[in-house]
Amino acid sequence: APPRPAPPRAGNGAAVAVATRPDMAAGGRAGLWERLCSEYEAEQPPFPDVPKSAQKSVTMGAGMLQPLHVERFCPAPAADAAVQQLLPIPEAPPLPEAPDPKTCSPREYLECYIFPVLLPGMAELLHQAKKEKCFERERTAFIACDFLTEWLYNRNTKRKDESFTEFFSIPFVNNWLQEHPRRPLPLSFLLSEEEASIIIQSFWRGYRARCDREIQQLRQWQKQLRDEKNIFQRVEEFWAKQEAK
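Residues numbered from 1 in each chain as written. Predicted model: local features only at pLDDT ≥ 70, side-chain atom pairs only at ≥ 80, totals over all residues. Heavy atoms only, no water.

Section: the overall build of the protein
Here is step 1: Each helix and strand in the protein was counted, giving 12 helices and zero strands.
Here is step 2: Moving toward the C terminus, one meets the helices and strands of the protein in the order α-α-α-α-α-α-α-α-α-α-α-α.
Here is step 3: Counting every position in the protein, which comprises 245 residues, the buried fraction comes to 11%.
Here is step 4: Nonlocal contacts in the protein, meaning residues at least 24 apart in sequence, comprise 41% of its contacts between residues at least 6 apart.
Here is step 5: Carbon and sulfur atoms make up 59% of the accessible area of the protein, which totals about 21,900 Å². (Helix = DSSP H or I, 4+ residues; strand = E, 2+ residues; numbered from the N terminus. Buried < 20%, exposed > 50% of the residue type's maximum accessible area, 1.4 Å probe, protein only. Contact = heavy atoms within 4.5 Å. Areas by Shrake-Rupley, 256 points an atom, 1.4 Å probe, with all protein chains shown as cover.)

Here it is in structure tokens:
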């Protein structure tokens, strides 16, 4: 039987991207956006959410399972010199020049001027959405368009020496909101978890206190006292006399 090809290693972004290309080809020609996303993921370092200590333990465990070859890591100097003479190191090819943004095609404009700036912003947007617990709650105060607008505005190459500007302090955002004001956010979006828990607990303690039998008797007595002495009517008569003076 012919030998089977070795499977790609887990955690390698390039191997994962190569493994997903046949799947995309089977389902049809992948779009430009999907291809750029796969290339961007392939360039990211492995284990983005795993701490460095866990990465070291994984690499050390994988190395202990394989035999150690000293010649592989420390080759002989004579053999190394001979290999360098026989196989010269090729020079890196020069980077292609960026096309003219006024005369290039729409695809070249997207690949060279839009996606290199937009894709990092989208990745940062997902990280911020995770911090805001957007994947855990149905409704949050986080607005993705506002965050992306602020991120792109502060990372504009024309504003390198300027300080950070908040979303509502951006000039064109401020002008737009003056003509199209937003509705105020509900109080549940503005309160933190600690403030909301304090309000809920205070209301619950007050409800439990009012349910006590002695408290109920005291409230009933106060109600009867107000009805018998006509407190509200006396207050109205008092203010009427004060206004007549």
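Still more ground to cover, so stick around.
Quick notes on the confidence of the model for the protein
Here is step 1: Chain-level pLDDT for the protein is 74 on average; 67% of the residues reach the 70-or-more range.
Here is step 2: Between residues 53–79, whose pLDDT stays under 50, and residues either more than four places distant or in other chains, the model counts four contacts. (pLDDT = per-residue confidence, 0-100.)

As for the pattern of salt bridges
Here is step 1: Scanning the model with the defined rule gives five salt bridges in all.
Here is step 2: A salt bridge links Arg-182 to Asp-146; its shortest N-O distance comes to 2.8 Å. Separated by 36 residues along the polypeptide, Arg-182 in the loop between helix H8 (171–179) and helix H9 (187–190) and Asp-146 in helix H7 (residues 144–154) bring together distant segments of the chain.
Here is step 3: The buried category is assigned to Asp-146, whose relative accessible area is 12%.
Here is step 4: For Glu-162, the salt bridge identified is with Arg-159, shortest N-O distance 3.0 Å.
Here is step 5: Of the residues examined, Arg-159 reaches a relative accessible area of 8% and is grouped as buried.
Here is step 6: Three or more residues are tied together by salt bridges with common partners; here these are Lys-133, Arg-137 and Glu-193. (Salt bridge = Lys/Arg side-chain N within 4 Å of Asp/Glu carboxyl O.)

Some remarks on the side chain of Asn-154
Here is step 1: As for its position among the elements, Asn-154 is in helix H7.
Here is step 2: Among the polar contacts made by the side chain of Asn-154, one reaches the main-chain amide nitrogen of Thr-165 at a distance of 2.7 Å. (Polar contact = N/O pair within 3.5 Å; in protein donor to acceptor, adjacent residues only side chain to side chain.)

A look at the packing of helix H2 (residues 32–43) against helix H6 (residues 106–131)
Here is step 1: In the contact formed by H2 and H6, the axes pass within 11 Å of each other and the chain directions differ by 55 degrees. Considering the angle they form, H2 stands oblique to H6. At the point where H2 passes H6, the crossing takes the right-handed sense. Listed contacts from H6 to Leu-32, Trp-33, Arg-35, Leu-36, Cys-37 and Tyr-40 of H2 are Arg-107, Leu-110, Glu-111, Phe-115, Leu-118, Leu-119, Pro-120 and Ala-123. (Axes fitted to C-alpha atoms, helices over the stretch in contact; angles between N-to-C directions. Parallel < 35°, antiparallel > 145°, perpendicular 65-115°, else oblique. Left-handed = near helix turned anticlockwise from the far one by under 90°.)

Here we look at the packing of H6 against H7
Here is step 1: With their axes 10 Å apart at the nearest point, H6 and H7 run at an angle of 130 degrees to one another. The orientation of H6 with respect to H7, classified from their angle, is oblique. Both H6 and H7 take part in a crossing whose hand is right-handed. Seen from H6, the contacting residues are Val-117, Leu-118, Pro-120, Gly-121, Met-122, Glu-124, Leu-125 and Gln-128; seen from H7, they are Ala-144, Phe-147, Leu-148, Trp-151 and Leu-152.
Here is step 2: By residue class, the composition of the contact of H6 with H7 is 10 nonpolar, two polar and one charged. (Nonpolar A, V, L, I, M, F, W, Y, C, P; charged D, E, K, R; others polar.)

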